[in-house]
Amino acid sequence: MTSSNKLTPYIYLAPMLALLAFVFGFSFIRVFEFSFKMVRGIDGPWIGLRNYQLVLSQPLFWESVKHNLLLLLAIPAMVGIALLLSLLLYDRLRGWKIYRTILFFPYILAIPIIAVVMKQMFQFSGPVNEVLRWLSLDFMTLDWIGSTDVALWTVMLLIIWRESALGVILFLSRLLSLDEALIEAARLDGANWWQRAWYVLIPQMRSVIEFYVVISVITMLSAVFAYVYMMGGGRGGPGTSTMVTELYIYNALTRTSLPGVASAVAVMLFVVSLMLTYVLFVVRRRADEEEA
Amino acid sequence: MTDKANPAQQIGRRKFLQTTAAGAGTLALGSLFGPLPAQAKNPELNMWWWGEQELPGLQAYINESVAKYTAATVKPMLQETAVVISQFQTAAAAGTPPDLQYLWNGIYHMESVWLGYLKPLNGLMSEDTLRASNPTILSNYGGNTYRAGWYPLPMVWYYNKDMFDKAGLNADTPPTTWPELLDACEKLKIAGFEPLGGGVQDGYWAEWYMSHAFVQSLDTVGEAVELFIGDKDFNDPRYHECWVRLEELRKLGYLNKDMPSLELYPGIDLVVAGKLGIGQSVGSRLPADSKATNGRIGSMVMPVFGKGKLAGKPIVDMQGLGISEKSANPEAAAAFLEYLNTPERLEAFYKATGWLPSSSRFNSDLIQDASVKNMWKAWGQSPNITNVTSLMPGQFYEQAAIPTGQQVVQGKLTGEQAGELAARVAKEWREFNPDLVEKYQKWVIDLSK
Amino acid sequence: MSITNPFKQVVLITASIIAMLPSAFMVMTALKSQDEYTFDKVGLTDALVLTHFKAVLFDSPFFLWMLNSAILAIGAVVVGTLVSCCGAYAIARMQFRGRDTIFAISTSLMAVPPVVLIVPLFVVYSQLGLISTFSGAIIIYAGLITPFSVYLLTTFFRTMPQELFDAAFVDGVKHHQILRHIVLPLSIPALVTLLVVNALFVWNDLLIAVIFLQDDGKRTLMAGISVFQGRYNNQIPLSMAGMVVASAPMIILYISFQRYFIRGLMAGAIK
């Protein structure tokens, strides 16, 4: 094999290892350390498990977790919508490429932009309610943004709207890579659209659907900061109805000067996401095997 | 890996070294956007400030003042709302704070005092100037004053005089007691208007409501602190009466329907636009709003329901400036503050922002709008109290002060439940922050005077 | 043509309308005057009002914010890609102790939520004076994009035929020359995908931006949108005009380079 210098690999690795060691390694160690300290500013005294105790007995923390879990309810809707639309696109009717461009559009706009727009649309005296009143659907004119009972569902609506687009593309690209022979055979056998979809196509999409579900779960638990920050006025409002774990950490760090508490929550979130990552890898390995 | 023969790479690394050596992080590639460092032997003062966001024109005033001031080179930097305090604190902890720091009232700067980040101003600035600038009682700790007042935020209740006329109310004598307020709201409602409210979605309305209503139950500002440190309890009806009253307003149908989803400023606009009869506002808006309506916006103190000694007094909050404990040049910094308090600068402040500086040295005859002049006479130039929410611990502010108002307005909580929430969060604050509890206990002494 | 065709079309059309509705509202509202919007929130505008766009384009910091976002995206992508290419090359084509472990660890870092890192990084940056500096933020972004980049490039490099390398070694070619003249040119498709994914990630990020770039002058587009919306929350058409301007770069790129975009976004989601 190769070059004479035994050090060469390490020279090539060094920048990458240095960068990762700083951004990740150093951070992991410190966040773990801080979670056991009462940090004010840049450091503080050791207090053992106190931060964890405080957080785990605080209703606000559990409310945040609950909200993250409630957001998981978005996933069945996302999968359903994405499946339906991708299967329809797969028929490749006339103009399907235009539809595909349009249906992917929600994912193109950055979350802050779309959240600002939605926030205006769903104002109590805003256009959505105006249209509903015009259609005599007065009972549906909820206080989408301002009601503590509704606000989280409004955020969920936004998430579904945007993330389904991703599902459409993922599913469609899987469909387009499938062997047409099976579909043809089913059609010749007289199966209608639904039966073809249910018995032939969807089973072959199982791994990509699982994959989509798992990354969506990870998203709902640890990547909804932008949605909530923009819709809830930056503090999980109205009331505390849109507070989620990421926002809890952010607020503890920047608004209530409690980096130790923020770290404790971050550590717990990290542990949970580690477990989910493991699941993701198992799913992905299966998907790779299936495609091979 | 780096190709030493490539000059472009060398320049890149030099720039990187330059930024890290700068320390306080105020330079870096973005030095295009700030004032260039002066060559002079002048002392250099870093000034981190805020306020353009609420007083457009302030930036121009600062730039002009800095340019005119020759005794030192001041480098101002405008901060974002979310971090104006936290960034100061972390810089101070690291030993590299700015010389001059903008300081909101109350706990927002008192925390820095407790951490040892701010210098007492008595001794650095003249007693006269300091007192004239009215830093308010909340800037005192252990007998020292830690801020100079910069510009006031009179907290007023707006009412629309035209709407009052149409509803058959006397626009020149707004309600002063609670029954009078309910009567006025009823008349407004009968006339087909939405009587009272604003926008609470972003939370600030709920904070202001506490400033006006909660304070009515207190005899001294120190009593509020006692509620946080646990000597008194929010579950006591006297202390959550403010939310019971808010609930009353909602139940009587006096609050505007879109209040939960509207934000603060659009809510105030409703009063100015003649769509809402009464609302909470801040005095610095009055010049523009008065002009837009030809003087038909009135200011009133919140009508009284509470039995505390502080009820019915006009409220003036104060934005201020302070000097870091670790400043290399505290005398130079204080001199700059003195400069900003000269009558010429005070007048320039008014001209640049259209708003009043806090110092009593400001010639109030310069105020052109009659409504503003009257408001200032009744608020700033008369006995007033300050904004009690400014002394709230951050955790209480975020997790109780704001959610209570929002949820009572929306009908999710009763007044009593709001009191329970406040009590619970106060207790959590004590558990999360035992070090701050100690400091607050000492602060009560200064605040009960 | 099956009988359900019209039904399918209806579903697709409905979905398309829902997909485009917010953007349509955004554009329509941006063209209304403030008074007109207060009256008529839903309908089409009577007169095309362009003053808001003028205000956004000339009197607001949008271009500055976009420039800042671009600086970060370019900086992070350059640093991250360089670092990842070298690392991936070593992992894919060299033998050394701990190779598989390093790769496994690096890959698993892909799924760390950035929010876990903000507390320690914020604290250490405050101490080092790196808050609100481009270099500080670029380091963080570069670090965040490296695990995925290394993963993608390693997988790709591994697919290259061994004979290619054997021939080169026989000729006495050094590693860095192989990397530069053989491997990278062959990797252009993967590099383009990587570029799109990583640039989008940095451009669209909000969390790191609001915490680590707090200065007015360094604000990114996403953080700026939040500030802009807060400052002008009583002037809706103006806000919407701002949103239109903010979304313009992405929309233009999307329409021009649809294929790369889609591929890139998909690959990004797989992170």
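Residues numbered from 1 in each chain as written. Chains lettered and ligands numbered in written order. Predicted model: local features only at pLDDT ≥ 70, side-chain atom pairs only at ≥ 80, totals over all residues. Heavy atoms only, no water.

Visitor: Help me out: how do you make sense of helix 11 (residues 206-222) of chain A in this one?
Guide: Helical periodicity: at 3.6 residues per turn, an α-helix aligns residues three or four positions apart in one direction. Over its 17 residues, helix 11 of chain A extends 24 Å from the first C-alpha to the last, a length consistent with the 24 Å expected when each residue adds 1.5 Å. Within helix 11 of chain A, 14 of the 17 residues are buried, which leaves it mostly tucked inside the rest of the structure. (Helix = DSSP H or I, 4+ residues; strand = E, 2+ residues; numbered from the N terminus. Expected span 1.5 Å × (residues − 1). Buried < 20%, exposed > 50% of the residue type's maximum accessible area, 1.4 Å probe, protein only.)

Visitor: Can you walk me through the side chain of B:R345 in this structure?
Guide: Residue and element names in this part refer to chain B. With respect to the element layout, R345 can be found in helix 14 (residues 343-353). On the basis of relative accessibility, which here comes to 0%, the residue R345 falls in the buried class. In contact with R345, other than residues within four places in its own chain, are Y61, E64, S65, K68, Y339 and L340. (Contact = heavy atoms within 4.5 Å.)

Visitor: Honestly, the pairing of strand 2 (residues 73-78) of chain B in this entry has me stumped. Any pointers?
Guide: Look at any regular strand and the pattern is simple: side chains alternate between the two faces of the sheet. Residue and element names in this part refer to chain B. Burial of strand 2 is extensive: six of the six residues sit out of reach of the surface. In terms of strand pairing, strand 1 (residues 44-49) meets strand 2 through six bridges, oriented parallel. Across the sheet, E44 pairs through a bridge with T73, a residue of strand 2. Handedness of the β-α-β unit built from strand 1, helix 2 (residues 58-68) and strand 2 comes out right-handed. (Pairing = 2+ DSSP bridges. Right-handed = clockwise from strand over helix to strand, strands pointing away.)

Visitor: Looking at this model, I keep getting lost on the packing of aromatic side chains. Mind explaining?
Guide: The description of an aromatic ring pair uses the distance of the two centres, along with the angle that the planes make with each other. Residues and elements named next belong to chain B. Counted according to the given criterion, the structure contains 56 aromatic pairs over all chains. Pairing W178 with F305 gives two aromatic rings, centres 5.3 Å apart and planes at 80°, and the pair type is edge-to-face. Here F305 lies in the loop between strand 9 (297-300) and strand 10 (315-323) and W178 lies in helix 7 (residues 178-190), a separation of 127 residues in the sequence. Residue classification places W178 among the buried residues on the basis of a relative accessible area of 4%. (Phe/Tyr/Trp six-rings, centres within 6.5 Å; stacked < 30°, edge-to-face > 60°.)

Visitor: Looking at this structure, how should I read the pattern of salt bridges?
Guide: Pairs may arise between side chains of opposite charge once their charged atoms sit close together. All names here are of chain A. Taken as a whole and judged by the stated rule, the model has 32 salt bridges over all chains. A salt bridge links R30 to E33, with the nearest nitrogen and oxygen atoms 3.6 Å apart. Here R30 pairs with E33, and both are found in helix 1 (residues 8-34), just three residues apart, close to one helical turn. Residue classification places R30 among the buried residues on the basis of a relative accessible area of 15%. Between E210 and R206 there is a salt bridge, and its shortest N-O distance comes to 3.9 Å. One end of the pair is E210 and the other is R206, both in helix 11 and four residues apart, which spans about a single turn. One salt-bridge network, held together by shared partners, links R30, E33, K37 and D43. (Salt bridge = Lys/Arg side-chain N within 4 Å of Asp/Glu carboxyl O.)

Visitor: Sorry if this is basic, but what is going on with unusual backbone geometry here?
Guide: Residue A:S257 is not a glycine yet carries a positive backbone phi of 50°. Of note, A:S257 is situated in the loop between helix 13 (245-254) and helix 14 (259-291). For C:S132, which is not glycine, the phi torsion reads 60° and is therefore positive. Positionally, C:S132 belongs in the loop between helix 6 (118-128) and helix 7 (134-158).

Visitor: Got a minute to help me understand the interface of chain C and chain A in this structure?
Guide: The accessible area lost on association of the parts is a frequent measure of interface size. Contact with chain C, which involves 88 residues of that partner, is made by 83 residues of chain A. Across the interface of chain C and chain A, roughly 7900 Å² is buried in total on both sides, 80% from carbon and sulfur atoms. Taken as a group, C:L12, C:V119 and C:Y254 account for 8% of the area that chain C buries against chain A, more than any other trio of residues on that side. The salt bridge partner of A:D91 is C:K8, with a shortest N-O separation of 2.7 Å. Viewed at the interface, chain A and chain C are joined by seven residue pairs in polar contact (both at pLDDT 80 or more). Sorting elements by how many residues they give to the side of chain C that touches chain A places helix 1 (residues 5-30) of chain C first, with 15 residues. Looking at the side of chain C that touches chain A residue by residue, the class counts come to 64 nonpolar, 20 polar and four charged. (Buried area = accessible area lost by both parts, 1.4 Å probe. Polar contact = N/O pair within 3.5 Å; in protein donor to acceptor, adjacent residues only side chain to side chain. Nonpolar A, V, L, I, M, F, W, Y, C, P; charged D, E, K, R; others polar.)

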